[in-house]
Amino acid sequence: MSEWLQCVGCGRRFASSEVRYTCECGELLSVERDAMPKREIFDARLSSRRAIDRSGVWRFREAVLDVDENEIVTHPEGATRLYERGGIFFKHEGENPTGSFKDRGMTVAMTQARRLGARAVACASTGNTSASLAAYAAQAGLRAIVFIPAGKVSTGKLAQTLAYGATVLAVRGDFDAAMQLVREASDRLGIYLVNSINPFRIEGQKTIVWELLQDLEWNAPDWIVVPAGNLGNTSAFGKALREAFDAGWTSTMPRLASIQARGANPFYRSYRDGFTQRHRIAAETIASAIRIGDPVSHSKAVAAIQQTNGIVEEVTDEELMLAKREIDEMGIGCEPASATTLAGAKKLRASGVMKDGERIVCVLTGNLLKDTDAILRNVPAERTIEIDATIEAVEKALG
Ligand code: F0G
């Protein structure tokens, strides 16, 4: 067996062909394998024109999923840009096919769904997972069912999800209620669950880190900064860094900085307690993507922070919206949740945790156009000037 599911708590193993998201003991599962390739094969694929080599996920396929190449469901995805602005790097995952990092996990989960013979796939979502699921399910020919918190998903994300053909269940409750409900519904109705509690999602999302390391010619940065909501990415980044270090792809271990919005900060609270307890809260933030009070990947994310000597920080809605404006005005742009990274980095620099000269990569998780309402509430009103259709009016407006 070259790949298997393993409990992160008790270590019990299960076949990777089993439909299972947690262990008998209740803990999360992770995909493990007995061998890792050399990084040179990933570099060699950069000049290839094949879809699975151009995909920033499947370029790393030996360390993602042991699967026949013709079974892979790929758009392709990944291969996003790394920008350097003002001494900070930005890895823009909003450049994925559906506009968020979720496509990296979804290509793997959907490939696995088809191998397992699933007929329908489901998730709970604040909007990006649902859009990604809908797009990949359309490609794979599977029925897509998404559970969203009613009235709490941005118009663009909801429209995108509907456009790709998903059935939307708008749950009267928050994301955490929708998450509980989809877990129950998947078990009862035999629908394959592709939230990040699904360990195959995590395998895909690891490649955000591997691709940025490759972008930096495998000279690891000092810090990788990531927004934290349901904690799938924090978990995936920790696993990616561990595996890259153990395989000798990098010689240093970057520190992970997971950033939460203050109104949705259960992980930050646990961190402040030295991870002695798990918090569950009623979440509220303008960054609707991370309006999550009971993150499912808590235990994996704790390990990620501990194993990378990482930290968890919180930022206010004002701080993250200010950072968003800065990222937008660089001509790059991102959605509010993604801007927690720059807001967090600024805070950590000011407090001396991040030192001058340290190399920092902020991961921008979602595209600017994902949440236009947040933009229109945030830009100065005087930037739009309504005028009569005369040249005099133009001169007056610009004068
Ligand atoms: N950034 C964006 C843009 C997101 O959409 C999410 C999560 C996160 C950050 C947080 O990542 O959950 O791995 O800690 N969005 C999920 C969704 C919940 O349903 O689209 P995480």
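Predicted, not measured: the structure shown is a model, and the values here were computed from it.

Student: I'd love a proper account of the overall build of the protein chain, names of residues and values included.
Tutor: Secondary structure assignment for the protein chain yields 14 helices and 13 strands. For the protein chain, the C-alpha radius of gyration of 21 Å lies close to 21 Å, the compact-globule estimate for 399 residues. Projected onto its principal axes, the C-alpha coordinates of the protein chain cover approximately 75 × 50 × 50 Å. With 399 residues in all, the protein chain has 58% of them scored as buried. If you take every contact in the protein chain between residues at least 6 apart in sequence, the share linking residues at least 24 apart comes to 68%.

Student: How would you explain the packing of helix α3 (residues 102-115) against helix α4 (residues 128-140) if you had to name every residue and give the values?
Tutor: Contact geometry for α3 and α4: axes closest at 9 Å, N-to-C directions at 40°. What the angle tells us is that α3 and α4 run oblique. Judged by the twist between their axes, the crossing of α3 over α4 is right-handed. Residues K102, D103, M106, T107, M110 and R114 of α3 form the contact with α4, whose own contacting residues are N128, T129, S132, L133, Y136, A137, Q139 and A140. Looking at the contact of α3 with α4, its residues break down into six nonpolar, five polar and three charged.

Student: Residues and numbers for the pairing of strand β5 (residues 88-92), please.
Tutor: In the case of a regular strand, side chains alternate between the two sheet surfaces. Counting buried positions along β5 gives five out of five residues, so the element sits mostly inside the fold. Examined bridge by bridge, strand β4 (residues 82-85) and β5 share four bridges and lie antiparallel to one another. Paired with R85 across the strands is I88, a residue of β5. Turn length for the β4-β5 hairpin, with the two strands adjacent in sequence and antiparallel, is two residues, and the turn residue G86 shows positive phi of about 55°. Sheet topology places β5 next to strand β13 (residues 360-364); four bridges connect them, and they run parallel. Its bridge partner lying in β13, H92 is registered against L364.

Student: Got a sec to walk through the site of the ligand? Specific residues and values, please.
Tutor: S125, N128, G229, N230 and T365 are the nearest of the 20 residues found near the ligand. Contact between the ligand and G229: an oxygen atom at 2.8 Å from a main-chain N or O atom of the residue. Measuring from an oxygen atom of the ligand, one finds a backbone N or O atom of L231 at 2.8 Å. Cavity membership is defined here by more than half of the atoms lying within 2 Å of grid points; on that basis the ligand lies in the largest cavity.

Student: Would you mind going over the packing of aromatic side chains in detail, with residue names and values included?
Tutor: Evaluation of the coordinates by the stated rule reveals eight aromatic pairs. An aromatic cluster is defined as three or more aromatic residues linked by ring pairs; in this entry it consists of F42, F60, W210, W218 and W249.

Student: Please provide a residue-by-residue account of the packing of helix α8 (residues 232-246) against helix α10 (residues 298-307), values included.
Tutor: Between two packed helices, what matters for the description is the angle formed by their axes and the separation of those axes. Direction vectors running N to C along α8 and α10 enclose 45°, while the axes themselves pass 8 Å from each other. By the angle between their directions, the pair α8 and α10 is classed as oblique. In this structure, α8 meets α10 at a crossing whose hand is left-handed. Note on element contacts: α10 touches α8 through K300, A301, A304, I305 and Q307, opposite T234, S235, G238 and R242. Here the contact of α8 with α10 is composed, by residue class, of three nonpolar, four polar and two charged.

Student: How would you explain the side chain of E203 if you had to name every residue and give the values?
Tutor: Inspection of the secondary structure assignment puts E203 in helix α7 (residues 199-215). A distance of 2.6 Å separates the side chain of E203 from the side chain of K206, its partner in a polar contact. Here E203 is in contact with V31, R33, A63, V64 and K239, once residues within four sequence places are set aside.

Student: An account of the side chain of T107 is needed here, citing residue identities and associated values.
Tutor: Looking at the element boundaries, T107 is found in helix α3. Looking at T107, the relative accessible area reads 0%, which means it is buried. Reaching out from T107, the side chain makes a polar contact with the side chain of W58 at a distance of 2.9 Å. In contact with T107, not counting residues within four places along its chain, are V57, W58, V73, T74, E77 and Y136.

About the thresholds
- Residues numbered from 1 in each chain as written.
- Predicted model: local features only at pLDDT ≥ 70, side-chain atom pairs only at ≥ 80, totals over all residues.
- Heavy atoms only, no water.
- Helix = DSSP H or I, 4+ residues; strand = E, 2+ residues; numbered from the N terminus.
- Rg over C-alpha atoms; globule rule 2.2 N^0.38 Å.
- Buried < 20%, exposed > 50% of the residue type's maximum accessible area, 1.4 Å probe, protein only.
- Contact = heavy atoms within 4.5 Å.
- Axes fitted to C-alpha atoms, helices over the stretch in contact; angles between N-to-C directions.
- Parallel < 35°, antiparallel > 145°, perpendicular 65-115°, else oblique.
- Left-handed = near helix turned anticlockwise from the far one by under 90°.
- Nonpolar A, V, L, I, M, F, W, Y, C, P; charged D, E, K, R; others polar.
- Pairing = 2+ DSSP bridges.
- Near = heavy atom within 4 Å.
- Polar contact = N/O pair within 3.5 Å; in protein donor to acceptor, adjacent residues only side chain to side chain.
- 1 Å grid on protein atoms, 1.4 Å probe; cavity = no way out; pocket = protein on both sides within 12 Å on 5 of 7 lines; lining within 4 Å.
- Sits in = over half its atoms within 2 Å of the grid points.
- Phe/Tyr/Trp six-rings, centres within 6.5 Å; stacked < 30°, edge-to-face > 60°.

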